[in-house]
Amino acid sequence: MSAAVMEHGTSVQDLKENMSFLRETLTEYGKQTEDRMVSMTGVGIGYDSAGLKVYYHACPYRLSENALRQLCGYCELQPGFISRCLEVGMADLAAETLKRFLVRTLVTKGDWNMLFRLRYPDAKDPGSSVMPILRSVSTERYGVFDNVAALDLLMENLPKSWGEAVPLKTYGNADNLRGTLLFPDTLREVIDDSEYYLGLYYRNSEIGCGAFGVSPFLFRSYCTNTAIWGRRDAGAPDVKAIHLGDIQADRIREQLAGGLALAARNGPNLHRLMYYAGTYNLPTPQGVIGYVAHDRYWGPEVAGKWLEGFNTEPDPTARGIVNGLTRAAQEYQGEQRIAMETAAGEILAPSIVAGEIDVIRSWDSLRASGAAFARSKRFKKYFPNLTEADKN
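Presented here is a report on the structure given in the accompanying data block.

Rules of the game
Residues numbered from 1 in each chain as written. Predicted model: local features only at pLDDT ≥ 70, side-chain atom pairs only at ≥ 80, totals over all residues. Heavy atoms only, no water. Helix = DSSP H or I, 4+ residues; strand = E, 2+ residues; numbered from the N terminus. Buried < 20%, exposed > 50% of the residue type's maximum accessible area, 1.4 Å probe, protein only. Contact = heavy atoms within 4.5 Å. Areas by Shrake-Rupley, 256 points an atom, 1.4 Å probe, with all protein chains shown as cover. Salt bridge = Lys/Arg side-chain N within 4 Å of Asp/Glu carboxyl O. 1 Å grid on protein atoms, 1.4 Å probe; cavity = no way out; pocket = protein on both sides within 12 Å on 5 of 7 lines; lining within 4 Å. Points joined across faces, edges and corners; volume = space filled by probe spheres on them. Nonpolar A, V, L, I, M, F, W, Y, C, P; charged D, E, K, R; others polar. Axes fitted to C-alpha atoms, helices over the stretch in contact; angles between N-to-C directions. Parallel < 35°, antiparallel > 145°, perpendicular 65-115°, else oblique. Patch = residues over 30% accessible without salt bridge, like charges linked within 9 Å, V, L, I, M, F, W, Y side chains within 5 Å. Pairing = 2+ DSSP bridges.

Let us now look at the overall build of the chain. Counting its regular elements, the chain contains 12 helices and 13 strands. Within the chain, buried positions represent 51% of all 392 residues. A separation threshold of at least 6 residues defines the contact pool for the chain, and within that pool the share at least 24 residues apart is 65%. When the accessible surface of the chain is summed, it comes to about 18,000 Å², and 51% of that surface belongs to carbon and sulfur atoms.

Shown next, in the form of structure tokens:
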């Protein structure tokens, strides 16, 4: 798929041939974009049969869902109300309400400058009849860090000793890029006939939907499961840089290099813990699944998917619980998938430098909590079709 025909929000999941192809595609997409610093006194709101429009000195832009949410935030207006108006065909009320709140904000706060990030579906053709899309609205403090720059920064700082980086999966879209890299030449371990690798999950948003970041993960080649580990550790190799103020590439580069080095040093320990997890029995796996899903506010749906993943390869051990969760995570995208794969890493080890005693204490607590949840009334709400015999 060429970037010249890539629509807003189009999946780039098929861009896995190599990193150069991904970079070229993102570069082409960038040629369809433009940034404009605007004074909010020159902004107007309108609508047509296709939805809301924003005008800047009579130049119309189609308002994306992301830009609408951001603009509502700056005007202290609930975006859910505007979205509901649009859903029921009341675009006139949505436009009038947004216009009124914008005027009120200008009166109370005065004029201010905003960064409009635009995309031109027909390239930058002034004579095109296709309306440019306003993909994000942000303050002057927002530090622009495009996906190509984020990708270059990542690739420039990968340890040479890790060998070639192979794209495992690229998802999201050209505005909100997310992907995973594996290093098949190194950091490989075979445990019980399954191959495990260390990899890196990276993410960046050009439109204010998330920070640039990198997290290491453990990859199981048997069923393409991934577990992100160490994200909550104080000294963990999870790199994050929010888009505020000037983007300091040198500082990000230093943080990234340090994080990757720490990941490389602790990789063998993680492999060892994965092997050890296969020896720790969890007699009530359904209770553990329900407890963790409830504790993280995931609800019965995610718990059900997790249980399905566990039952695909039943193994009532800590490793079996982790494999079931990472298998279920493949059915989700975005933040929910990240949350599930992060939880898998935390179940595997409470920290990236955890010893066996720390891990056993963590699993002992998980086993007790799972057993208690299996006896609670909540268990039936999460797994209404399970019998007492199924718990064991």
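Evaluated as defined, the whole model comprises 17 salt bridges. Between Glu76 and Lys109 there is a salt bridge whose closest N-O contact spans 3.7 Å. Of this pair, Glu76 sits in the loop between α2 (65-74) and α3 (79-87) while Lys109 is found in helix α4 (residues 91-109), placing the two residues 33 residues apart along the sequence. Classification of Lys109 as exposed rests on a relative accessible area of 51%. Across the salt bridge formed by Arg117 and Asp146, the nearest N and O atoms sit 2.9 Å from each other. Of this pair, Arg117 sits in strand β5 (residues 113-119) while Asp146 sits in the loop between β6 (133-139) and α5 (147-156); the two residues are 29 residues apart in sequence, bridging distant segments of the chain. Through salt bridges that share partners, Asp35, Arg117 and Asp146 make up one connected network.

What follows covers the layout of surface pockets. Of the volumes computed, that of the largest pocket is approximately 410 Å³. Elements represented by at least two residues in the lining of the largest pocket include exactly β3 (51-56), β4 (59-63), α2 and α3. If you tally residues by element for the lining of the largest pocket, the top one is α2, at 4 residues. Here the lining of the largest pocket is built from residues that sort into 8 nonpolar, 8 polar and 4 charged.

Turning to the packing of helix α7 (residues 285-295) against helix α11 (residues 356-375), a few remarks are in order. In contact at an axis separation of 7 Å, α7 and α11 are set at 95 degrees when each is read in the N-to-C sense. For the element pair α7 / α11, the angle class is roughly perpendicular. The segment α7 lies against α11, with Gly287, Val288, Gly290, Tyr291, Val292 and His294 engaging Leu366, Ser369, Gly370, Phe373 and Ala374. Among the residues making up the contact of α7 with α11, the classes are represented as 6 nonpolar, 5 polar and no charged.

Those residues of α2 not exposed but buried are Asn66, Ala67, Leu68, Gln70, Leu71 and Cys72. Where the residues of α2 are buried, they touch β2 (43-48), β3, β4, α3, α4 and β6. A positive backbone phi angle near 60 degrees is found at Glu76, which sits one or two residues after α2.

Together, Phe81, Val88, Met90 and Leu93 line one region of the surface with nonpolar side chains, adding up to about 320 Å² of accessible area. Position of Phe81 relative to the elements: it lies in helix α3. Residue classification places Phe81 among the partly exposed residues on the basis of a relative accessible area of 39%.

The next thing to look at is the sheet that holds β6. Reading across the sheet, the 6 strands line up as β1-β5-β6-β4-β3-β2 and stay open at both edges, with mixed pairing between neighbours. The sheet is open, and its two edges are formed by β1 (33-39) and β2, each paired on a single side. Ignoring which end each strand starts from, the neighbouring axes of this sheet average 40 degrees apart. Bridge analysis of β3 against β4 gives 4 bridges, and the strand direction is antiparallel. Bridging from a neighbouring strand, Tyr55 pairs with Pro60 of β4. In the packing of α2 onto the sheet, contacts are made with β2, β3, β4, β5 and β6, and the angle to β6 comes to roughly 30 degrees.

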